[in-house]
Structures are given as structure tokens and as C-alpha cells.
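Residues per chain are reported as follows:
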2 protein chains.
Amino acid sequence: MSVAGVKALTFDTFGTVVDWRSSVIEDFRAFGKKQGLKVDWEALVDEWKTAYRPGMDAVRSGKQPWTTVDRIYRAKLDEVLAEYGLDELAEEEKVHLNRVWHRLNPWSDAVAGLTRLKRKYIISPLSNGDVSCLVNMAKHGGLPWDVILCAEIFRHYKPDPEVYLGAIACLGLRPHEVMMVAAHNYDLRAARTHGMKTGFVARPTEYGPGQKTNLKAEEDWDVIAGDFGELAAKLGA
Amino acid sequence: MSVAGVKALTFDTFGTVVDWRSSVIEDFRAFGKKQGLKVDWEALVDEWKTAYRPGMDAVRSGKQPWTTVDRIYRAKLDEVLAEYGLDELAEEEKVHLNRVWHRLNPWSDAVAGLTRLKRKYIISPLSNGDVSCLVNMAKHGGLPWDVILCAEIFRHYKPDPEVYLGAIACLGLRPHEVMMVAAHNYDLRAARTHGMKTGFVARPTEYGPGQKTNLKAEEDWDVIAGDFGELAAKLGA
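Residues numbered from 1 in each chain as written. Chains lettered and ligands numbered in written order. Predicted model: local features only at pLDDT ≥ 70, side-chain atom pairs only at ≥ 80, totals over all residues.

Draft legend 1. Quick look at the relation of the copies chain A and chain B. Superposition of chain A onto chain B requires a rotation of 180° combined with a translation of 0.0 Å along the rotation axis, giving an RMSD of 0.0 Å. The two molecules are tied by a two-fold rotation axis, judged by turn and shift. Closest approach to the rotation axis among the C-alpha atoms of chain A is made by Val 147 of chain A, whose C-alpha sits 2.6 Å away. The fraction of interface residues of chain A whose copies in chain B are also interface residues reaches 100%, indicating that both copies meet through the same surface. (Least-squares fit on C-alpha atoms with pLDDT ≥ 70 in both. Contact = placed C-beta atoms within 7 Å.)

Right, here's the structure in full:
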């Protein structure tokens, strides 16, 4: 079996481990209800999220110096709140809304799967999220990480090589002893380039019912699974 | 209570959480027995350990570029093995011996105390040990860290300011919301300089029965405890 030497699993987090879209919409809807606001929260959230990739790519290309994801999101949040007539919210409320990424809920199979996998492997996120976001999210959702590796530690965003190579080095392992697990083919393509093993877990509703990308594995990844239970079974955990 | 705002605890690890000296001596003694070697393991280990602080200080002063603790120890291990007539050991055996720092045992009160503290606080090492060492040690000893912060992440060894300031920033907290916990007064002095809260836990046999330093708190640290159970109690966990 080609994954026999794997000792550690690194997980993409947003979309792969946690269901960010439903979590953010649900959280904002509850906030709106409490405040008596009438807003199309789905549309607001989807627009907010569009800032993520360009914000990171501006750092990757050198157009922007290192900027945390919290700050990327906060800048865009201020824009969309203004657009939706919500710019009068108190600063404290804006901080609360922006921290929604710290309280995302795991997919229903994630905690049980990770708990199984942790018995046999070192498990870590390898996410573009900030350390504090990943720590608080783990506390919130019960994610049993052994260690938290992410972009902020390496001052580079995925798919920059520094993130994958940095994780392998920090774990003190060889590339083929680490498996990148993600619901996104681009992430696995980058990981494979550096000699890592690859595991694809399908999350076909990450972006909602109309999702058109990453519906399935686009290459012969080392493991392909429908959820973390199947992933654990295929990895002998 | 002056520690009311604390949200995260960062722990010195070697000596504070794990009993490195007894663990290394016991491990080497077992190795020696299996190999039929007659060696004064206590003396060998005590000499080996003398390389730790100078190795890190050479990095801190700029005399050496960034060097992991694993490499600092390996260089000195080769020296002491030669001195004790053990340089004929196989490379695989030397690697095994050098990795003893990855399989240190916690003090008997550490796991229960950390488990209590984890319910109320974010808990992390803030150690000069390497990431892989701390991860493997946590797996070995059952240390329930939420996140692993250490010198390797910040490319600086304690007591360099970058380590304490880096941890505070990664946790997304203000200095007084983070408490440094250590059995070493120098570490708490540095942490206090940066506005962190401080917790002293006495480990009067860390260096064996003849220990002469750090037998007690040398300043009015915010919490002073005899073990992690007392620390948890004083922190309301």
C-alpha cells in the first residue's frame, strides 16, 4: 500500500474539516435576529468570502506585506457591512462578526474521524487560517489536533511551497511520511509536487447547493474518501 | 485577583512539565542493559546536558545561525559517546539515543493538572524544544496541548523577546491575558518584562538531588504552586 510509511496527516481546514459557509450564515442569521435586522445573510456571506483568495494572493505575489486572514476579512467585512447598510454597528459587534471564523462547526463526521486517526497518526491542520483562529476553532468544535501548523507560522499562504516544506520540516519527517488531506484538488497538487502523500475528501456542498468545483478527485490521489470515517478506515485507523 | 483576565497558559516544558533528567537516565540505562554496556549513565547525561544552554546562546548571540535543539544535542552526544568509549555505536543507535528528548516522561502531576487547566484555558508549551520533539513528547506522555508554540517557530531561543512576543501575537491575545508557567525564575522574569502574567511551579529535583538553583520563587510571581494540581486550583480550573 502506497501510504504504508505515513506518520502524520496535515489537513486543510476551511471546507475540509469545518463547514464554514453554513456556520457563518447560521451565526450571522442569529445575530441579525437578535438585533432585529432584515438582511440577505447568504448573499452577504458569499460576497464577504470573495475577499479571501485575492487577499492571500496579494501577499503571495508580494503586492502586500504579510497580512493575517483576520485582517483580510476585517477589511472586506467593513466594505460589505457598508454595502448592506450595516456600517452603524458598534466596533465591538464588528469584531464579534469578524471572529465568526473562530467558531465554525466541524462537518458531522470530522471529530469522530480525527479522533480515530489521532490514535495512529500525528494530526495537524495545514491551513491558511491564523494560529489563533485555528486554536479557538478547535476549542469551539472539539478538534483534537496534536499540533497547529498554518500559514501564519511560515509567513506564506498555500499553495506557496514554504507552507508544505515548512510543515514537513517542523514535523521532522520526510515528505512521503506526511499526507496532505484536503477537499480541494489544488492543495493536493501542490502537496504532491513536494513529495507528500495525498488524501482527498469530497465536500460537495462546501460552497452551498450550487457548488461547481472540487466535486470529485481530479487526479489519482493516494486516498480518496467520502468523509473522515472512510478516510480513517482506508488509513487503517 | 490579578490573574482574572488570563485566557491562555504557556508552559516551559523541560523541567516544568517533564522530568527530563530521570527520563533520560532511565532510558539510557535500559539501552545500556540491553547492549551489555557498563557506563556511568548519570554522569554521561549530566555532561551531555551542559551543551544545551551554550548551544542556544551561540544562536542568540549570532555566533551560530539558527540550529535546532536536536542538532545541538547531537553534536554534543557524539562528543560524550567518544569520551565514554561508545563511539562505535551504529548511526541508528545514536539517532535513537538523541531522540530520547522526544520520549521524556511528565512529572506525575502534570497530565492531570493540564487536563483540568485545558477546560478553562488555552494551554501551550512555550519551550526551547523543537516542534517535532514537543509533538512526539506529547504523544508519548499524553500531554493534551491545544497548540504547540516554541523557539523553532520564532527562530529565537528564550529568553529572547521574540519568543514571548511571538506567542502572544499567535494567540491573538494581549500580554496580560497570557500566563507563562515555569520552574525557572529567569523565564518568568523575561515573561514579566513583556507584560505577561507569571506562574511558578517548583521542581526542586529537576537536576537531581543536589539541585541548588530555582528551589523557590525568587520574585512575587502572580501564582506560586508546588505542583500542577495546586496551579489548577489557584487558577480556578
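After that view of the structure, there is still more to cover.
Draft legend 2. Fine view of the interface of chain A and chain B. With 14 residues of chain A at the interface, the matching set in chain B holds 14 residues. Mapped by element, the contributors of at least two residues to the side of chain A that touches chain B are α7 (131-141), α8 (151-154) and α9 (161-171) of chain A. Of all the elements, α7 of chain A adds the most residues to the side of chain A that touches chain B, at 5 residues. (Helix = DSSP H or I, 4+ residues; strand = E, 2+ residues; numbered from the N terminus.)

Draft legend 3. Fine view of the packing of helix α2 (residues 41-49) of chain A against helix α4 (residues 69-83) of chain A. Residue and element names in this part refer to chain A. Between α2 and α4, whose axes approach to 9 Å, the crossing angle comes to 145°. Handedness of the crossing formed by α2 with α4: right-handed. Counting all contacts with α2, which are made through Leu 44, Glu 47 and Trp 48, the residues of α4 involved are Lys 76, Leu 77 and Val 80. Residue composition of the contact of α2 with α4, by class: 4 nonpolar, no polar and 2 charged. (Axes fitted to C-alpha atoms, helices over the stretch in contact; angles between N-to-C directions. Left-handed = near helix turned anticlockwise from the far one by under 90°. Nonpolar A, V, L, I, M, F, W, Y, C, P; charged D, E, K, R; others polar.)

Draft legend 4. Structural context of the packing of α4 of chain A against helix α5 (residues 91-98) of chain A. All names here are of chain A. It is the contact of α4 with α5, at a shortest axis distance of 10 Å, that shows an interaxial angle of 120°. If you check the angle between α4 and α5, you find them oblique. Note that α4 runs across α5; the crossing there is right-handed. Residue-level contacts link Asp 70, Tyr 73, Arg 74, Leu 77 and Leu 81 of α4 to Lys 94, Leu 97 and Asn 98 of α5. (Parallel < 35°, antiparallel > 145°, perpendicular 65-115°, else oblique.)

Draft legend 5. The arrangement of the sheet that holds strand β1 (residues 8-11) of chain B in detail. All names here are of chain B. As summarised here, the arrangement of the 6 strands in space is β3-β2-β1-β4-β5-β6, forming an open sheet in which the pairing is parallel. At either end of the open sheet lies a strand with only one pairing partner, and these are β3 (149-150) and β6 (223-225). Relative to strand β4 (residues 178-182), β1 runs parallel, the two sharing 4 bridges. Residue pairing in the sheet places Leu 9 in a bridge with Met 179 of β4. (Pairing = 2+ DSSP bridges.)

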